[in-house]
Amino acid sequence: MSKKSLASLSAADIAGKRALVRVDFNVPMDEGKITDDTRIRAALPTIQDLTQKGAKVILASHFGRPKGKVKDEFRLTPVAKRLSELLGQEVVKTDDCIGDDVATKVAALQNGQVLLLENVRFYPGEEENDPQFAEKLAANADFYVNDAFGTAHRAHASTEGVTKYLSPSVAGYLVEKELQYLQGAIEEPKRPLAAIIGGSKVSSKIGVIETLLEKCDKLIIGGGMIFTFYKARGLSVGKSLVEDDKLELAKSLEAKAKEKGVTFLLPTDIVSADKFDKDANATTVSIENIPADGMGLDIGPDSVKVFQEALADCKTVIWNGPMGVFEFDKFAVGTEAIARTLAEISQTGTTTIIGGGDSVAAVEKVGLAEKMSHISTGGGASLELLEGKVLPGIAALDEA
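Owing to the predicted nature of the structure, the values given are computational and were not obtained by experimental measurement.

Details of unusual backbone geometry
For the peptide bond that leads from serine 167 to proline 168, omega is 0°, which places it in the cis range. Structurally, the position occupied by proline 168 is in the loop between strand 7 (143–146) and strand 8 (169–171). Along the chain, arginine 191 connects to proline 192 via a cis peptide bond; the corresponding omega equals 0°. Positioned with a positive phi, lysine 67 is a non-glycine residue whose angle comes to about 55°. Mapping lysine 67 onto the fold places it in the loop between strand 4 (56–60) and helix 4 (77–87). One non-glycine residue, asparagine 129, lies in the positive phi region at around 55°. Structurally, asparagine 129 is set in the loop between helix 6 (124–127) and helix 7 (131–138).

Right under this line is the structure:
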């Protein structure tokens, strides 16, 4: 999926032109205060490149789930304030994303100025990818930049629909970096390639496990889904989470790994708890000795050693999903150990890719985000790209 990128447009191409830029400013907020501005900072390289090249920048984003209605708690006003601070220049904010107010404010923009449209999801036409809404969004711009990787797996008006009315339609720097790392890891990895897949359910990761079995040399499984594999092997798993309707699938995935010559690793020991609670009583047991009244909430120390040995010679590692219930400190040990291991091998030349969602939160929790080669900004989008699916928001962009 080789797409035209913003880097290919010179100042001569875009000075004085109006750029509609889809960003992902769906940031966590608490009582109107932004608690984490990572997503805003992630868009800065694209915004700054456009302003430096003399474009008039019009930013579009969704925030929360207002379900097609105007709701004051989902306005982007706090984002405009934070973005102004980060850019060191005033960001003009509109009270709508289409219509006369927008047209007037866009007409007043000078080269290098930035305007933030109101939440595009205040209109049902955004998520419905309504062509009329998309045309109105596009009406105030000359060309389009998609820098919202987190919503690239959705065919919405602001991610896919607008490309039919604006040319060129190009990838921003964040989207370009995501494609470079995530697609590169799957299509042209430095080997050995290992994938670490965690999370609570096999069902939510079937697609990615199946795709990775075709591509990787080693597959390491952690998180709650391990118990479905153990039960499929005939082991007793106590009160641990199991998807009984996925036992045959677990058997077939393990058989497929063997057939493909992929090293398939499950934990050798687990931390068993008497209840699902941050203060539960916990004991480390081998997978053959899980107590009947116990539930597994983390991988054990022996598993960590086995996984570390398997990762030692890898040149590319993709990680998606935690090893245990990392929200509880007592059961975050396995996940944090894997994060530290990846940080260490990153320093010796291994490409480490943290594939969105909970793994990102885990890496940030232990303060190791800076040490990884790439931290993906998309949860669902990262997963779908790793599964080999076509992302509508990327497919709609011009070919390189």
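Here we look at the environment of valine 145
Structurally, valine 145 is set in strand 7. As a C-alpha pair, valine 145 and isoleucine 209 span 64 residues in sequence and 32 Å in three-dimensional space. If we skip the residues at most four places from it in the chain, valine 145 touches Leu20, Val21, Arg22, Thr46, Leu50, Val170, Ala171 and Gly172.

Notes on the pattern of salt bridges
Scanning the entire structure with this criterion turns up 26 salt bridges. Its salt-bridge partner being aspartate 49, residue lysine 53 comes within 2.9 Å of it at the nearest N-O pair. Among the residues examined, aspartate 49 registers a relative accessible area of 14% and is labelled buried. Residues aspartate 72 and arginine 75 are paired through a salt bridge, measuring 2.9 Å at the closest nitrogen-oxygen approach. Each of Asp37, Arg41, Lys81, Arg82 and Glu85 takes part in one network of salt bridges that share partners.

Quick word on the sheet that holds strand 4
Reading across the sheet, the 6 strands line up as 5-6-4-1-7-8 and stay open at both edges, with parallel pairing between neighbours. Among the strands making up the open sheet, the edge pair consists of strand 5 (91–93) and strand 8. Across the sheet, the mean angle separating the axes of adjacent strands is 25° when strand polarity is ignored. Pairing of strand 4 with strand 6 (residues 114–116) involves 3 bridges; the strand directions are parallel. Across the sheet, the residue bridging to leucine 59 is leucine 116, located in strand 6. The sheet contacts of helix 4 involve strand 4, strand 5 and strand 6, and relative to strand 5 the element is tilted by about 170°.

Conventions and cut-offs
- Residues numbered from 1 in each chain as written.
- Predicted model: local features only at pLDDT ≥ 70, side-chain atom pairs only at ≥ 80, totals over all residues.
- Heavy atoms only, no water.
- Helix = DSSP H or I, 4+ residues; strand = E, 2+ residues; numbered from the N terminus.
- Contact = heavy atoms within 4.5 Å.
- Salt bridge = Lys/Arg side-chain N within 4 Å of Asp/Glu carboxyl O.
- Buried < 20%, exposed > 50% of the residue type's maximum accessible area, 1.4 Å probe, protein only.
- Pairing = 2+ DSSP bridges.
- Axes fitted to C-alpha atoms, helices over the stretch in contact; angles between N-to-C directions.

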